[in-house]
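Below, each chain spelled out in residue letters.
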Amino acid sequence: MVTGTWEALSDPTRRAIVEHLACEELTAGQVAALFDTARPGVSRHLRVLREAGVVEAQALGQRRVYRLAPSALDDVEQWCRDVRTFWGQRLDALDTEIARGQRVRRRSRDD
């Protein structure tokens, strides 16, 4: 079952795995050693991340080395930019309205 980036990152364990892989490439065993979860559970998390395109695995003999996919978080990054732009514009407009209200109150007190 292939999931999308957002679904894959919705799980806290998978987000933690991504955070570790952002720092360095790790084998499945090294990833498993970071968690109290049984190794098959970690393997399922890695499979979900791999199927979602968030991580890549390279077979080296009997081991698989995992790393973040180069464009793994492009969708997330774009969403963050869009939301930041949306809220930035709204907050700028709110600042303007607050400043206007403060000027109106000062004028009415001065009259």
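As the structure is a computational prediction, the values presented were derived from the model and not from experiment.

Peer 1: Tell me what's going on with the overall build of the protein, and back it up with residues and numbers.
Peer 2: Scanning the protein from terminus to terminus reveals 5 helices and 3 strands. Relative to a compact globule of 111 residues, whose C-alpha radius of gyration would be 13 Å, the protein shows 23 Å and is clearly more extended. If you line up the protein on its principal axes, its C-alpha atoms span 85 × 25 × 25 Å. When each of the 111 residues of the protein is scored for burial, the buried share is 27%. Contacts in the protein between residues far apart in sequence, at least 24 positions, make up 51% of those at least 6 positions apart. Put simply, the protein has 18 plus and 17 minus side-chain charges, and the middle of one group is 2 Å from the middle of the other.

Peer 1: Go over the sheet that holds strand S1 (residues 26–27), please, and point to the residues and values.
Peer 2: Here we have 3 strands laid out as an open sheet, ordered S1-S3-S2, and antiparallel in their pairing. Strands with a single pairing partner mark the edges of an open sheet, and in this sheet they are S1 and strand S2 (55–60). Bridging between S1 and strand S3 (residues 63–68) involves 2 bridges; their strand directions are antiparallel. Of the residues in S3, the one forming a bridge with Thr-27 is Val-65.

Peer 1: Lay out the environment of Arg-15 with the relevant residues and their values.
Peer 2: Topologically, Arg-15 is positioned in helix H2 (residues 12–23). Owing to a relative accessible area of 37%, Arg-15 belongs among the partly exposed residues under this scheme. Once the C-alpha coordinates of Arg-15 and Leu-49 are considered, the two residues, 34 residues apart in sequence, prove to be 9.5 Å apart. Apart from residues no more than four positions distant in its own chain, Arg-15 is found in contact with Leu-9 and Ser-10.

Peer 1: Before we move on, can you summarise the pairing of S3 with the specific residues and values?
Peer 2: Here 6 bridges tie S2 to S3, and the two strands are oriented antiparallel to one another. Residue Leu-60 lies in a different strand from S3, and its bridge partner there is Arg-63. Counted between consecutive antiparallel strands, the loop separating S2 from S3 contains 2 residues, among which Gly-61 sits at a positive phi close to 65 degrees.

Peer 1: How would you summarise H2 if you had to cite specific residues and measurements?
Peer 2: Helix length check: H2 (12 residues) gives 17 Å between terminal C-alpha atoms against 16 Å at 1.5 Å per residue, within 8%. Every buried residue of H2 is accounted for by Thr-13, Arg-14, Ala-16, Ile-17, Val-18 and Leu-21. Structurally, H2 contributes buried residues whose contacts are with helix H1 (5–9), S1, helix H3 (28–33), helix H4 (39–51), S2 and S3. Its side-chain oxygen at 2.8 Å from the backbone nitrogen of Thr-13, Asp-11 defines the N-terminal cap of H2.

Peer 1: Mind laying out the side chain of Arg-14, listing which residues take part and the relevant values?
Peer 2: Structurally, the position occupied by Arg-14 is in helix H2. Buried Arg-14, no salt bridge; nearest opposite-charge side chain is Asp-11, N-O distance 4.6 Å. When residues no more than four places from it in sequence are discounted, the contact partners of Arg-14 are Glu-7, Ala-8, His-45, Val-48 and Leu-49.

Peer 1: Could you give me a rundown of the packing of H2 against H4, with the residues and numbers involved?
Peer 2: At their nearest, the axes of H2 and H4 sit 10 Å apart, and the two run at 75 degrees to each other. Between H2 and H4, the interaxial angle falls into the category roughly perpendicular. Where H2 abuts H4, its residues Thr-13, Arg-14, Ile-17 and Val-18 lie against His-45, Leu-46, Val-48 and Leu-49. Residue composition of the contact of H2 with H4, grouped by class: 5 nonpolar, 2 polar and 1 charged.

Parameters at a glance
- Residues numbered from 1 in each chain as written.
- Predicted model: local features only at pLDDT ≥ 70, side-chain atom pairs only at ≥ 80, totals over all residues.
- Heavy atoms only, no water.
- Helix = DSSP H or I, 4+ residues; strand = E, 2+ residues; numbered from the N terminus.
- Rg over C-alpha atoms; globule rule 2.2 N^0.38 Å.
- Buried < 20%, exposed > 50% of the residue type's maximum accessible area, 1.4 Å probe, protein only.
- Contact = heavy atoms within 4.5 Å.
- Lys, Arg positive; Asp, Glu negative; His and termini not counted.
- Charge placed at Lys NZ, Arg CZ, Asp CG, Glu CD.
- Pairing = 2+ DSSP bridges.
- Expected span 1.5 Å × (residues − 1).
- Polar contact = N/O pair within 3.5 Å; in protein donor to acceptor, adjacent residues only side chain to side chain.
- Salt bridge = Lys/Arg side-chain N within 4 Å of Asp/Glu carboxyl O.
- Axes fitted to C-alpha atoms, helices over the stretch in contact; angles between N-to-C directions.
- Parallel < 35°, antiparallel > 145°, perpendicular 65-115°, else oblique.
- Nonpolar A, V, L, I, M, F, W, Y, C, P; charged D, E, K, R; others polar.

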